[in-house]
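Chain by chain, the residues run as shown.
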Amino acid sequence: MSTHRSASPEAASLEAADVMSYLKEHPDFFEQYPQILALMRVTHAGTGGAVSLIERQVAVLRDQNRSLERKLIELVQIARANEQLSRQLHDFASELLGTKSLSDVIAVAQDKIRELFNTDFVALRLLDDVSDDFAIAMDEESLEALFDELLNNNKPVCGRLRAQQSEFLFAGNAGEIKSAALIPLHAAGPLGLLALASRNPQQFNPTMGGLFLSHLGDLVSSALSVHVRQ
């Protein structure tokens, strides 16, 4: 009668762990014993076929390389888009420098920002104590009531507008607004706000970066400060 007994699952697991630990401590093992490496086989997921360990490693490295290439292409595309946006902001700043009045600033801001960010609607509202232009004026109470988050953070806010906010800023077009960016305008003190809105719900989402929007707000604020009461 044979006295050989099969190893228990715990023993097999322990042996496998020992092998793994040993290989981690001796990464040159297969260099010393290449004949063992040549004998090893790894089941190919999904096919059931066996491939050599070297072939498997090459396949894994190829997959990693493709993933890195995709990430690199993504980064290059983002860099190019940012570079283009920087040039457009520079051109926008040049146009603002050429304005001679408040109405010029407002016209350039509304036209060029719509083009710059490829957005559907642009609204610029100033506090009534810095501007006499009733068409774009708002009292500070309205600003605090409707745009408290903007005032608390003093930085651009992106996402969906509340119904009252849409009505206040875009009146007849309020129903078309699916996403928006709200940008505070300030110089020595608060001036008002700039709003960009889109029919596309993803164009201004809460996760997007606010760096270029902040730069845009600074440019418009500087141009406005020359023509308003402070």
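What counts and what doesn't
Residues numbered from 1 in each chain as written. Predicted model: local features only at pLDDT ≥ 70, side-chain atom pairs only at ≥ 80, totals over all residues. Heavy atoms only, no water. Salt bridge = Lys/Arg side-chain N within 4 Å of Asp/Glu carboxyl O. Helix = DSSP H or I, 4+ residues; strand = E, 2+ residues; numbered from the N terminus. Buried < 20%, exposed > 50% of the residue type's maximum accessible area, 1.4 Å probe, protein only. Phe/Tyr/Trp six-rings, centres within 6.5 Å; stacked < 30°, edge-to-face > 60°. Lys NZ or Arg CZ within 6 Å of the ring centre and 35° of its normal. Core = buried A, V, L, I, M, F, W, Y, C linked by side-chain atoms within 4.5 Å. Contact = heavy atoms within 4.5 Å. Pairing = 2+ DSSP bridges. pLDDT = per-residue confidence, 0-100.

Draft legend 1. Structural detail: the pattern of salt bridges. With the rule as written, the count across this model stands at seven salt bridges. Close ionic contact of E95 with K112 constitutes a salt bridge, the shortest N to O distance being 3.3 Å. You can see E95 sitting in helix α4 (residues 53–97) and its partner K112 sitting in helix α5 (residues 102–116), a full 17 residues away along the chain. Under the relative-accessibility criterion, K112 is labelled partly exposed at 29%. The residue R114 makes a salt bridge to D111 at a minimum N-O spacing of 3.9 Å. Placement of both R114 and D111 in helix α5 is noted, with a separation of three residues, approximately one turn of the helix. Salt bridges linked by common partners bring E95, K112 and E115 together as one network.

Draft legend 2. Fine view of the packing of aromatic side chains. Scanning the entire structure with this criterion turns up three aromatic pairs. With a centroid separation of 6.0 Å and 85 degrees between ring planes, the pair formed by Y22 and F29 is classed as edge-to-face. Taking the relative accessible area as the measure of exposure, Y22 reaches 40% and is therefore partly exposed. Directly above the aromatic system of F168 lies the positively charged group of R125, at a separation of 4.6 Å from the ring centroid.

Draft legend 3. Main features of the nonpolar core. Core analysis: the biggest nonpolar cluster contains 30 residues, and I113, L194, L196, L216 and L224 have the highest contact counts within it. Listed by contribution, the elements that provide at least two residues to this core are α4, α5, β3 (121–127), β6 (179–186), β7 (190–198) and α9 (211–225). Looking at this core, the element that brings in the most residues is α5, giving seven residues. Leaving out residues up to four positions away in the same chain, L224 has contacts with L102, V105, L124, L126, L185 and L191. Counting 17 residues, the second-largest nonpolar core is a separate cluster that includes L143, L169, A180 and A197.

Draft legend 4. Representation of the environment of N118. Structurally, the position occupied by N118 is in the loop between α5 and β3. Each C-alpha atom of the pair N118 and S198 lies 8.9 Å from the other, and the pair is 80 residues apart in sequence. With near-sequence residues (within four places) excluded, N118 lies in contact with I113 and Q203.

Draft legend 5. Geometry of the pairing of β7. Counting buried residues along β7, eight of its nine residues qualify, which places the element largely inside the surrounding structure. Relative to β7, β3 is paired through six bridges, and the arrangement is antiparallel. By the bridge assignment, L126 is partnered in β7 with G192. Sheet analysis places β6 next to β7, joined by eight bridges and oriented antiparallel. By the bridge assignment for β7, L182 is matched with A195. Following β6, the chain reverses through three residues before pairing antiparallel with β7.

Draft legend 6. Geometry of the confidence of the model for the protein. Here the protein averages 78 in pLDDT, and 79% of its residues register 70 or above. Confidence, read as mean pLDDT per element, is least for strand β2 (residues 50–52) in the protein (59) and greatest for β6 (90).

Draft legend 7. Broad picture of unusual backbone geometry. Residue N118 is not a glycine yet carries a positive backbone phi of 50 degrees. The backbone of A171 shows a phi angle near 40 degrees, a positive value even though the residue is not glycine. The topology assignment puts A171 in the loop between α8 (163–170) and β6. Given the relative accessible area of 47%, A171 is considered partly exposed.

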